[in-house]
Amino acid sequence: MEEKQNELYIPTNVKTRLEFFKGYGVKELVITLMVMAFSIPIALILYKFKGTLVAIIFLFVIVAATIVSVVKDDNNLCVLKQVGFMIKNQNMQKQYKYFYYDKRRQIK
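Heads up: these notes are all about the structure in this document. (Residues numbered from 1 in each chain as written. Predicted model: local features only at pLDDT ≥ 70, side-chain atom pairs only at ≥ 80, totals over all residues. Heavy atoms only, no water.)

Quick look at a nonpolar patch on the surface
Rules: Put simply, a patch holds well-exposed residues, over 30% relative accessible area, that have no salt bridge, with like charges counted together within 9 Å and Val, Leu, Ile, Met, Phe, Trp or Tyr side chains within 5 Å. Each accessible area is a Shrake-Rupley estimate made with a 1.4 Å probe; only the visible protein chains count as cover when residues are assessed. Whenever a carboxyl oxygen of Asp or Glu lies within 4 Å of a side-chain nitrogen of Lys or Arg, that contact is scored as a salt bridge. Secondary structure counts use DSSP, requiring at least four H or I residues in a row for a helix and at least two E residues in a row for a strand, with both numbered from the N terminus.
Taken together, the side chains of Leu18, Phe20, Phe21, Val26, Leu29, Val30, Leu33, Met34 and Phe38 define a hydrophobic patch exposed on the protein surface, amounting to about 890 Å² of accessible area. The set of elements that each furnish at least two residues to the nonpolar patch consists of strand 1 (19-21) and helix 1 (26-49). For the nonpolar patch, the element with the most residues is helix 1, which contributes six residues. With respect to the secondary-structure elements, leucine 33 resides in helix 1.

Have a look at this one:
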């Protein structure tokens, strides 16, 4: 038998966690900091070969894209989860059951 989880209904305007601004909390901040930590070495390499402006723009674009993609909307979904759901739905096997009905023979 499957176990059912009874979750408590929480109204939409009640916050259940600490948020710095709407949809961006501690979890999203940690994700952003991790992406920034992995992007800084790449930015330093760009700084060495291309210059300061390219490195700063690269780091800004990566951090801004991360923030935009992890901020949650009113339905508690972020862009990354929505893209994941779209990919999962696209890869699912579609089944369309078709029954032929012949009026003359009354057979399915």
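Considering the side chain of serine 69
In plain terms, the rule: Any two residues whose heavy atoms approach within 4.5 Å are treated as being in contact.
Inspection of the secondary structure assignment puts serine 69 in helix 2 (residues 52-70). Beyond its immediate chain neighbours, meaning those up to four positions away, serine 69 contacts Cys78, Val79 and Leu80.

Some remarks on helix 1
As a reminder of what qualifies: Here a helix's expected span is defined as the number of its residues, less one, multiplied by 1.5 Å. Bend at a residue means the angle formed by two fitted axes: the first through the 7 residues ending at that position, the second through the 7 residues beginning there. In this scheme, a residue with accessible area under 20% of its type's maximum is buried, one over 50% is exposed, and one in between is partly exposed, where area comes from a 1.4 Å probe on protein chains only.
Its 24 residues give helix 1 an end-to-end C-alpha distance of 35 Å, which sits within 8% of 34 Å, the value for a rise of 1.5 Å per residue. Of all the bends in helix 1, the greatest, near 30°, is centred on serine 39, and the proline proline 41 appears no more than four residues after it. Where helix 1 is concerned, the buried positions are Glu28, Thr32, Ser39 and Ala43. Along its buried surface, helix 1 packs onto strand 2 (24-25) and helix 2.

What to know about the pattern of salt bridges
A full pass over the atoms with the stated rule returns one salt bridge. Ionic pairing is found between glutamate 28 and lysine 72, a salt bridge with its closest N-O pair at 4.0 Å. Remark: lysine 72 occurs in the loop between helix 2 and helix 3 (79-91) and glutamate 28 occurs in helix 1; sequence separation between them is 44 residues. For the pair shown, glutamate 28 and lysine 72 are each scored as buried.

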